[in-house]
Amino acid sequence: MTVLDPVLDALARYDGALASVDADRAVDLVEGLLDDGVDPVTVLVDVIASAQRTVGDRWQRGEWTVAEEHAATAVSVSATEAVARHVRRTPATRGRVVVACAEREWHALPAMIVGTALRANGWDITLLGASTPPVRLSQYLHDLGPDATAVSCSVLGALPTTRRFIEASTAAGIPVVVGGSAFGPDDHRAKALGATAWASGAREAVAAVRSLPTVVPAADPVNGSAAAEQAAMELAHHRLVTSLRERWSLAAQIVTTERLPLDSVHSVAADVVNQALHAVWAALLTDDPRALSHTAAWVADLLAARAVEPTLVGELGRLLARDLRDYPLARALVEHHWTATTGSR
Amino acid sequence: MAGPKSIAGTAPAAPPPLGAHTAHAPTEHQLLDQARQRASLAGEITSQLAGSLNLRRTILRLFALITPELADWAMLAMVDHRTGRVALHGGHDHTFATTVDRDRTEDLGVGRVLRSGQSELLHVALAPEGQTPTADGLDSMIPHDALRAEATALRPADVLGLALTARGTTVGMLVLVRGAGRGFPEDDVALAEQIAGRAAMALDSARLYEDRNRVASVLQASLRPPALPRVPGLRLAARFRAAAEHLDIGGDFYDVHGSERDWLLAIGDVCGKGVEAAVLTGRARQSIRTAAHFDRSPRGVLAALNAVLYEEESDKFVTAVCARVRPAPDSRTAEVDLAAAGHPAPLVLRADGTVEQVDVAGTVAGVLPEVGYQETTIALGPGDTMLMFTDGIYEARGPEGFYGLDRVIGLLPAYAGAGPEAVCEALEQDVVEHLGGRAHDDMALFAVACGR
Ligand code: B12
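Quick caveat, the model's predicted, so the values are computed rather than measured. (Residues numbered from 1 in each chain as written. Chains lettered and ligands numbered in written order. Predicted model: local features only at pLDDT ≥ 70, side-chain atom pairs only at ≥ 80, totals over all residues. Heavy atoms only, no water.)

Looking at this model, I keep getting lost on the coordination of the cobalt atom of the ligand. Mind explaining?
Tetrahedral coordination by four donors sets the ideal angle at the metal to 109.5 degrees; octahedral coordination by six donors sets it to 90 or 180 degrees. Donation to the cobalt atom of the ligand from the protein comes from one atom only, H107 of chain A (NE2), at 2.2 Å. Counting through the fold element by element, H107 of chain A comes out in the loop between strand 1 (96-100) and helix 5 (108-120). (Donors = N, O, S within 2.8 Å, 3.2 Å for Na, K, Ca; no water. Helix = DSSP H or I, 4+ residues; strand = E, 2+ residues; numbered from the N terminus.)

Structure representation (C-alpha cells):
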C-alpha cells in the first residue's frame, strides 16, 4: 500500500492539472514520478489512463463539453509524450510494432499510451495516429515488415474499419493484437473479427505482444449475411441517422437551462443516434448482442445526467427497430437486446 | 483485469508427415491422403506468399508454411546484389538472419546451386554418434557453423538444396532437411521443386520491392513533414493528411526553424499533388530554410523563396505564410511578424474565444521576377492560439458540400485556451468526418501558442 500511495497522490494532482488544462504542471508531475523511479507503465496506466477515464465520466455526466474533453486530453498527450521521451533513452531491443487506429477512430491517446508502454518494454514502435485508412496501414506494413500490428479501437463505429486493419495485417502474415473500449470486457469481439490476440490494458498488451506467433494465416471471412447487412447499413447510414433524428422526441425536446445549455443536449442527441446505429453494426459484425444492451444502458445514463425523460431510451429502440425493417438480422437484434433499463453504473 | 489471451485457432490433428519411413507399404488411403496434402500445401504457398511485399515477412511466412509439413528444418540463402554477400535466414529460429561472404560459398554446394540454378539432393554422411559431428552434405549446403550444428543434430539422411529461380535469375537457395526416419521420396522432391518455383517468384517480387523501397523511403523521409521540435516558450502542434492517403508526402508543408527565442514558422502549398508536388515542396522548404538562416524576417524569406522559384521553376508556384515568433522571456506572450504569399491568412483564437483573421496578404511565390511582401505584426497573449492552415481544409468536400472557412471560424471559440494540440485535433476530426470518406486534397494545420 505504501508503494502505491505516491501514485495515488500523483493521480489526484494530475487530475487537477487536467481540470485546469495545465500541460506544464502535468508534464512536471509525470517527469517527477519518472525521476523518482516510478515504472513508466505505472505512470501511463495508473496516472494518465486512469485520469482520462474521469474525463469520460465528466463528459458522460454532462459536466464537461466535448471541447473540454479535447483540451484535457491534449494535456494527457503532452504528459504521454514526456513518458515517451523518457523511455526512448533506453534503446529498443525487441522487434517492431506498428500501432494504429482505424478510420472513424479519433481516440488516438489510448493507442499512444499502449505504444509507449510497448516502447518501455523494448519494442520499437511506429505510431500512425488517429483515423488511418487501410491503404496507409498496408503501405507501412509492406515497407516496415513489423513483428506485430497493434490496433486500438474505442468506439463501436470503428469496429468495421478495424476488421479491415485485421485483414491488412493477417494477409501479410503479421499477427495483430487489439484492444480498447470498443472490444468490451472480454475477447469475444476480437475473436469474431479475426484478431490474433486481445488484451484488456496496456500492461496486458505488453504480455500479449510478447507471446504472439511469428506468422499468422490470413483471417477467416466474417459471418456472411450479418456482415452484408452491416455493410448495407453503413452505406445507408446518412439516411438512417436523418430519419432517427427527425422522429426521435429528444430532437423536439428543447431542454435549456443555465447548467444544461441547448447545444449540449443537441450534440449529445447526435452522438446517441450515431452510437445506437454503430452498436447495431458491432452486434452484427461480432455476433455480440451485448454491444446493444450496453449501449442502451449508456444512453440511459447519458440522458439521465441531462435530466431527459427516461422513456426516450425505449422510444429510440422502437424507432430503430422500425427503421431497420430492411435489415432482418439487425432488427431482431434491436428488438431483443435494446433493453431500456437504466444503466447499472 | 483479464490477462492477455491468444485467440489463434488450433490446427486439426495432422496426418503422418510426408516422407516418413513406415514399416509397411502405405495403404491406398494413405497415398491419397498424401497426394491431397501435397496439393493443398502447394496451393496454400501460392496464395499466402502473395500477401506480403515485404522481404522479411515473406521469408518468415515461407518458413511457417513449409515447416514441419515439407521439412523439419529449413534455411534460406539469398544473394544480396548490393553488398555481394549471401544472406542466410532461418534454422530453428525462423527470425534468425545473418550474412556470409559470397567467396566462402563459391566452392560449396551453395555456390554451385546459386550459379547453376540446378537443385541438388545430397546424401548426408554423418560421423558416427559420439565423434566430432561432421556431415558431408550439410557442410556443403549450410555455410554457417551454428546453423549446420542445428541441422546435424537432426541426423538427417539427405539434404535438399533447391535453386530459387525467378524471372531468369537464381535469387537464392532453399535448404530443406528432414530428420532421421524421414527421407525425400521422389514425389516430395517434385513437390519441393514446385514450391521452390512459387516461393522464388514471391521472394523476388519482395526483393524488387525492397530495393525500390530503400530508395523511396530515403527520399520520402526528407519530404515528410518534420517532427516538431520542442521550442522553449512556445507550444506547437501540426497535422498533415496527404491526398494520396497511403503516402505521407504531398503538396502541403510546414516547417520550423530558429533558435533560442526567435523562430520562423512556415506553412505552404505547392501547385499539384502527389510525388511531383512533394519534390517541389522539398525545394520550397529548403529555400525557406536557407533564407531563414540569413534573415528571419518573413518578408525577406518570402522574397527569397519567390526569387528562387521564379528562376528555377518557370511554371510552378507556391503559396505560403511565414511567421516569425519571438516569445517573451516569461513565455507568456509573444510577438509575431507575418507575411503571406497568396496563402490564406492565419486565424487567431483569443483566450476569450474571439476569432480574428490576421490582415496579411501578398502575391504567390514563383510567378513574378520580383515581389515585395508586406509584414504585419500581432501579439499573442496568454491563452491565445494562432492557427495556420492550407486551402485543403476549408475546401474539403463531403456529402453536404464544402467545409468552408465559416465552419472553421465557428468551431474555434469552444477551444479558447485549450491550446494548439486540442485545436488541431478537433479541427482535423471535424473536417475528416465532414468528408464522409470522400477523396480530399492535401490538408495541413499548424498552430502555435505561448507556453513553457
Ligand atoms: C478523450 C476522449 C475523447 C477524445 C479523444 C482524443 C484523443 N486524442 O484521444 C475525443 C474528444 C476526440 C472523443 C470523442 C468521442 N468520444 Co470519447 N472519450 C474520451 C475518454 C474521456 C478518454 C479516452 C482515453 O484516453 N482513455 C485512456 C485510455 C488509455 O484508456 P482505455 O481507452 O480504456 O485504454 C486502455 C485499454 O482499453 C487498453 N487498450 C486501449 N487501446 C488498446 C490497443 C491495444 C492493441 C491493446 C492490446 C490494448 C488497448 O489499454 C489501455 C490502457 O490500459 C473516454 C472515456 C474512457 N472511459 O476511456 C471517452 C469515450 C471513449 N468516448 C466516448 C464517446 C461516446 C465519444 C464520442 C462519440 C462523443 C464524445 N464524447 O465526444 C466521440 C467519438 C469520436 C470518434 N469517432 O472516435 C465513449 C465511448 C462509449 C462507447 N462505449 O462506445 C467514452 C467511453 C466516454 C463515455 N464514458 O461515454 N473522446
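Whenever I open this one, the site of the ligand confuses me. Can you help?
By nearness alone, 40 residues border the ligand, and Q60, W106, H107, S152 and W298 of chain A come closest of all. Surrounding the ligand are residues belonging to chains A and B, so the site spans chains. Between a nitrogen atom of the ligand and a main-chain N or O atom of G180 of chain A, the distance comes to 3.5 Å. Here W298 of chain A contributes a side-chain N or O atom positioned 2.7 Å from an oxygen atom of the ligand. Elements with a contribution of two residues or more to the shell around the ligand: helix 3 (40-60), helix 4 (66-87), helix 5, strand 3 (148-152), strand 4 (176-179), helix 9 (202-210) and helix 13 (262-286) of chain A together with helix 12 (420-435) of chain B. A per-element tally of the shell around the ligand places helix 3 of chain A first, with seven residues. (Near = heavy atom within 4 Å. Polar contact = N/O pair within 3.5 Å; in protein donor to acceptor, adjacent residues only side chain to side chain.)

Mind showing me how you'd approach the sheet that holds strand 16 (residues 385-389) of chain B here?
Pairing between sheet strands relies on hydrogen bonds along the backbone, with the strands arranged either parallel or antiparallel. Residues and elements named next belong to chain B. One open sheet accounts for five strands, arranged 8-19-16-13-14; its pairing is antiparallel. Either end of the sheet is taken by a strand with one partner, and the two such strands are strand 8 (234-241) and strand 14 (355-357). Averaged over all pairs of adjacent strands, the angle between their axes in this sheet comes to 20°, without regard to strand direction. Together, strand 8, strand 13 (347-349), strand 16 and strand 19 (443-450) form the strand contacts of helix 12, whose direction differs from that of strand 8 by roughly 15°. (Pairing = 2+ DSSP bridges. Axes fitted to C-alpha atoms, helices over the stretch in contact; angles between N-to-C directions. Contact = heavy atoms within 4.5 Å.)

Just to check I follow, could you spell out helix 1 (residues 5-19) of chain A for this structure?
Helical periodicity: at 3.6 residues per turn, an α-helix aligns residues three or four positions apart in one direction. Residue and element names in this part refer to chain A. Taking 1.5 Å per residue as the helical rise, helix 1 with its 15 residues ought to reach 21 Å, and the 21 Å between its terminal C-alpha atoms agrees with that figure. Of all the residues in helix 1, the buried ones are V7, A10, L11, Y14, D15, A17 and L18. For helix 1, the angular spread of the buried residues around the axis is 155°, confining them to a single face. Looking at the packing, one finds that the buried side of helix 1 touches helix 2 (23-35), helix 3 and helix 4. (Expected span 1.5 Å × (residues − 1). Buried < 20%, exposed > 50% of the residue type's maximum accessible area, 1.4 Å probe, protein only. Arc of directions from axis to C-beta.)

Is there a simple way to explain the sheet that holds strand 6 (residues 158-166) of chain B in this structure?
Residues and elements named next belong to chain B. If you trace the six strands from one edge of the open sheet to the other, you get 4-3-2-7-6-5, paired in antiparallel fashion. Only two strands of the sheet have a single partner each, and these edge strands are strand 4 (97-101) and strand 5 (120-123). Ignoring which end each strand starts from, the neighbouring axes of this sheet average 20° apart. Bridge analysis of strand 6 against strand 7 (residues 169-177) gives eight bridges, and the strand direction is antiparallel. Directly across from L162, in strand 7, lies its bridge partner L174. Across the face of the sheet, helix 2 (residues 55-66) comes into contact with strand 2 (73-80), strand 3 (85-90) and strand 7 while running at roughly 155° to strand 2. Taken strand by strand, helix 6 (residues 145-153) contacts strand 2, strand 3 and strand 7, and its axis lies near 150° from that of strand 2.

Is there a simple way to explain the pattern of salt bridges in this structure?
When their charged atoms lie close together, side chains carrying opposite charge are able to pair. Residues and elements named next belong to chain B. As enumerated under the stated definition, the model contains 48 salt bridges over all chains in all. R182 is the salt-bridge partner of D72, the closest N and O atoms lying 2.8 Å from each other. Highlighted residues: D72 in the loop between helix 2 and strand 2 and R182 in the loop between strand 7 and helix 7 (186-223), separated in sequence by 110 residues. When the shortest N-O distance is used, the salt bridge between E106 and R102 registers 3.7 Å. Overlapping salt bridges, with partners in common, bring together R167, D204, R207, E210, D211 and R214 in one network. (Salt bridge = Lys/Arg side-chain N within 4 Å of Asp/Glu carboxyl O.)

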